[in-house]
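# Structural characterization, general
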Amino acid sequence: GAVVSQHPSWVICKSGTSVKIECRSLDFQATTMFWYRQFPKQSLMLMATSNEGSKATYEQGVEKDKFLINHASLTLSTLTVTSAHPEDSSFYICSAIVAGVNVDTQYFGPGTRLTVL
Amino acid sequence: QKEVEQNSGPLSVPEGAIASLNCTYSDRGSQSFFWYRQYSGKSPELIMFIYSNGDKEDGRFTAQLNKASQYVSLLIRDSQPSDSATYLCAVSLSGGYNKLIFGAGTRLAVHP
């Protein structure tokens, strides 16, 4: 099956620092990846669509200058949370698209838990 | 605003029973429908998808789709305590480049 990895699985940082999260498709190529955020007891919130070789598209209300996305290869997308603050503490999850005959399917990475002190 | 509605639960069923999870959606143009399972503190994992009206079976799981009623459901037969998790219904956004809209999830508790 399709395997998506994320690194790191958890990170603790000080307020004002930047944190980079990597998302990799291990056994397939992904031209499209998505980045989600999930707060406790809430559902997934789509932050942005990451397209290989082009700029990411951000959902309404998501600050593109704060959440920098780079999709430099067909197997790697990165999310950098710049100048992180405690309110950015959340569970960040990426997904990658696997194209199917009738349906394209999203497979999720294991997530990165970010805590900003 | 395109929406996906699920009963938050918890839905409590005894071990061995059938668990029935329901979902309604507002986007009439949606073509693909997904069920994900999410254990506490973990990321979602795909259970199955459906895109045609009717039933689709995969092991103990059956997805049902009724596009006219904008309704999709998941049945879990012979429920096990290990099935206890939050089940997320996700619907493809029409014209949305593979974007999914997620429901808030239904928490299922299977008790021995």
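Here, every reference points to the structure presented above.
Described below are features of the structure shown in this document. Nothing here was measured: the structure is a model prediction, and the numbers come from that model. (Residues numbered from 1 in each chain as written. Chains lettered and ligands numbered in written order. Predicted model: local features only at pLDDT ≥ 70, side-chain atom pairs only at ≥ 80, totals over all residues. Heavy atoms only, no water.)

### What about the overall build of chain B?
Basically, it comes down to this: Helix and strand definitions follow DSSP, with helices as H or I runs of at least four residues and strands as E runs of at least two, each counted in order from the N terminus. It is over C-alpha atoms that the radius of gyration is taken, and the globule rule equals 2.2 Å times the number of residues to the power 0.38. Exposure categories follow from relative accessible area, calculated using a 1.4 Å probe and restricted to protein chains: below 20% of the type maximum is buried, above 50% is exposed, and the middle band is partly exposed. Whether two residues are in contact is decided by their heavy atoms, any of which lying within 4.5 Å being enough. Using a 1.4 Å probe, accessible areas were evaluated by the Shrake-Rupley method; residue-level cover was limited to the displayed protein chains.
Broken down by element type, chain B carries 0 helices and 11 strands. Starting at the N terminus and walking to the C terminus, you meet the elements of chain B as β-β-β-β-β-β-β-β-β-β-β. For 112 residues, the compact-globule estimate of 2.2 N^0.38 gives 13 Å, and chain B sits close to it at 13 Å. Viewed in the frame of its principal axes, chain B has a C-alpha envelope of about 45 × 30 × 20 Å. Looking at chain B as a whole, 44% of its 112 residues are labelled buried. The contacts in chain B between residues at least 6 apart in sequence include a share of 54% that link residues at least 24 apart. Within the structure as shown, chain B displays about 5400 Å² of accessible surface, and the carbon and sulfur contribution to it stands at 48%.

### Overview of the state of the cysteines
Residues and elements named next belong to chain A. Put simply, the rule is: Criterion for a disulfide: a pair of cysteine sulfur atoms within 2.5 Å.
Scanning the entire structure with this criterion turns up 2 disulfides over all chains. Through a disulfide, Cys23 is tied to Cys94; the S-S separation comes to 2.0 Å. Sign of the S-S torsion, about 80 degrees for the bond between Cys23 and Cys94, identifies this disulfide as right-handed. Placement of the pair is Cys23 in strand E3 (residues 19-25) and Cys94 in strand E9 (residues 90-98), with a sequence separation of 71 residues.

### Details of the packing of aromatic side chains
As a reminder, the rule being used: Stacked, tilted and edge-to-face are the three classes applied to pairs of Phe, Tyr and Trp rings, where Trp contributes its six-membered ring and a pair requires centres within 6.5 Å; stacked means planes under 30 degrees apart, edge-to-face means over 60, and tilted covers the rest. Sitting over a ring, as applied to charges here, requires NZ of Lys or CZ of Arg to be within 6 Å of the ring centre and within 35 degrees of the ring normal.
Counting across every chain of the model gives 10 aromatic pairs over all chains. Aromatic side chains Tyr36 of chain A and Phe102 of chain B sit 5.7 Å apart centroid to centroid with 90 degrees between the ring planes, which places their arrangement in the edge-to-face category. Residue Tyr36 of chain A is located in strand E4 (residues 32-38), and its partner Phe102 of chain B is located in strand E10 (residues 100-102); the two belong to separate chains. Phe102 of chain B carries the same exposure label as Tyr36 of chain A, and that label is buried. Pairwise contacts between aromatic rings join Phe34, Tyr36 and Phe108 of chain A together with Phe34, Tyr36, Phe49 and Phe102 of chain B into one cluster. The ring of Phe67 of chain A has Lys66 of chain A lying over it, and the distance from NZ or CZ to the ring centre is 6.0 Å. The side chain of Arg60 of chain B reaches across the aromatic face of Phe61 of chain B, ending 5.5 Å from its centre.

### Side note on the pattern of salt bridges
Residues and elements named next belong to chain A. What counts is decided by this rule: Take a side-chain nitrogen of Lys or Arg and a carboxyl oxygen of Asp or Glu: if they are within 4 Å of each other, that pair is a salt bridge.
By the definition in use, this model includes 7 salt bridges over all chains. Across the salt bridge formed by Arg24 and Glu22, the nearest N and O atoms sit 3.5 Å from each other. Arg24 gets classed as partly exposed once you look at its relative accessible area, which sits at 33%. With relative accessibility at 25%, the residue Glu22 sits in the partly exposed group.

### Some words on the interface of chain A and chain B
Heads up, the condition is: By definition, the buried area sums, over both parts, the 1.4 Å-probe accessible area that each loses when the two are put together. N or O atoms within 3.5 Å of each other form a polar contact, as long as, within protein, one can give a hydrogen and the other can take it, and as long as residues adjacent in sequence are counted only when both atoms are side-chain atoms. Ten residue types, Ala, Val, Leu, Ile, Met, Phe, Trp, Tyr, Cys and Pro, are classed as nonpolar, four, Asp, Glu, Lys and Arg, as charged, and the remainder, Gly among them, as polar.
Counting residues at the interface gives 22 residues for chain A, matched by 19 residues for chain B. A buried area of about 1600 Å², summed over both sides, lies between chain A and chain B, and 58% of it is on carbon and sulfur atoms. Here Lys99 of chain B ties to Glu59 of chain A by a salt bridge, and the two come within 2.7 Å at their closest N and O atoms. The interface formed by chain A and chain B contains 8 residue pairs in polar contact (both at pLDDT 80 or more). The element contributing the most residues to the side of chain A that touches chain B is strand E10 (residues 105-108) of chain A, with 4 residues. For the side of chain A that touches chain B, the class distribution of residues is 11 nonpolar, 8 polar and 3 charged.

### Some remarks on the sheet that holds strand E8 (residues 76-81) of chain A
Residue and element names in this part refer to chain A. Rule in force here: Paired strands, as defined in this entry, are two strands with at least two bridges between them according to DSSP. Here, axes are lines fitted to C-alpha atoms. For helices the fit covers the stretch in contact, and angles between N-to-C directions go from 0 to 180 degrees.
The 4 strands are arranged E1-E3-E8-E7 in an open sheet whose pairing can be described as antiparallel. In this open sheet, the two edge strands, each paired with only one partner strand, are strand E1 (4-7) and strand E7 (67-73). On average, each strand axis in the sheet is tilted by 15 degrees relative to the strand beside it, whichever way the strands run.

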